[in-house]
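# Topology and contacts: notes
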Amino acid sequence: MNPQCARCGKVVYPTEKVNCLDKYWHKGCFHCEVCKMALNMNNYKGYEKKPYCNA
Ligand SMILES: [Zn+2]
Ligand SMILES: [Zn+2]
């Protein structure tokens, strides 16, 4: 069974899955809450279960 994206609510397939903050995200949905900058496992900052950039 595939998990649902924490942002858009659609199914996340293994090829586009990002597992962060105890949730699953599409690569394209995993971006900063504020500035929408694309994030990855190495440069995100988690705060209250939401991803942010370093800025
Ligand atoms: Zn999504
Ligand atoms: Zn940002």
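Residues numbered from 1 in each chain as written. Chains lettered and ligands numbered in written order. Predicted model: local features only at pLDDT ≥ 70, side-chain atom pairs only at ≥ 80, totals over all residues. Heavy atoms only, no water.

Labelled according to an unreviewed UniProt entry, the chain appears under the name LIM zinc-binding domain-containing protein, originating from Marmota monax.

What follows is about the overall build of the chain. The helix and strand inventory of the chain stands at zero helices and four strands. If you list the helices and strands of the chain from N to C, you get β-β-β-β. Whereas a compact globule of 55 residues would reach a radius of gyration of roughly 10 Å, the chain reaches 10 Å, a difference of no more than 12%. Based on the C-alpha atoms only, the size of the chain along its principal axes is roughly 35 × 20 × 20 Å. Within the chain, the proportion of its 55 residues that are buried is 25%. A separation of at least 24 residues holds for 15% of the contacts in the chain among residues at least 6 apart in sequence. Here the chain holds 9 positive side-chain charges and 4 negative ones, and the gap between their average locations is 3 Å. (Helix = DSSP H or I, 4+ residues; strand = E, 2+ residues; numbered from the N terminus. Rg over C-alpha atoms; globule rule 2.2 N^0.38 Å. Buried < 20%, exposed > 50% of the residue type's maximum accessible area, 1.4 Å probe, protein only. Contact = heavy atoms within 4.5 Å. Lys, Arg positive; Asp, Glu negative; His and termini not counted. Charge placed at Lys NZ, Arg CZ, Asp CG, Glu CD.)

Those donors, Cys5 (SG), Cys8 (SG), His26 (ND1) and Cys29 (SG), are the protein atoms that reach the zinc ion (ligand 1), and they lie 1.9 to 2.3 Å from it. Angles of 105 to 116 degrees at the metal separate the four donor atoms of the zinc ion (ligand 1), which places the site in the tetrahedral class. Within one chain, the residues serving as donors to the zinc ion (ligand 1) are arranged as C-x2-C-x17-H-x2-C. Given the relative accessible area of 5%, Cys5 is considered buried. The partly exposed category is assigned to Cys8, whose relative accessible area is 35%. (Donors = N, O, S within 2.8 Å, 3.2 Å for Na, K, Ca; no water. Tetrahedral: all angles 85-135°; square planar, octahedral: opposite > 155°, others 65-115°.)

In this numbering, the UniProt entry assigns the feature "domain: LIM zinc-binding" (unreviewed entry) to residues 3-55. Helix and strand shares over residues 3-55 are 0% and 26% respectively, and the end C-alpha atoms of the span are 29 Å apart. (UniProt positions renumbered as here; feature names shortened; annotations may be inferred.)

All right, on to the pairing of strand S2 (residues 23-26) then. In the sheet, strand S1 (residues 17-20) pairs with S2 via four bridges, with the strands oriented antiparallel. From the neighbouring strand, Asn19 faces S2, where its bridge partner is Tyr24. Between the end of S1 and the start of S2, which pair antiparallel, lie two residues, with Leu21 showing a positive phi angle near 55 degrees. (Pairing = 2+ DSSP bridges.)

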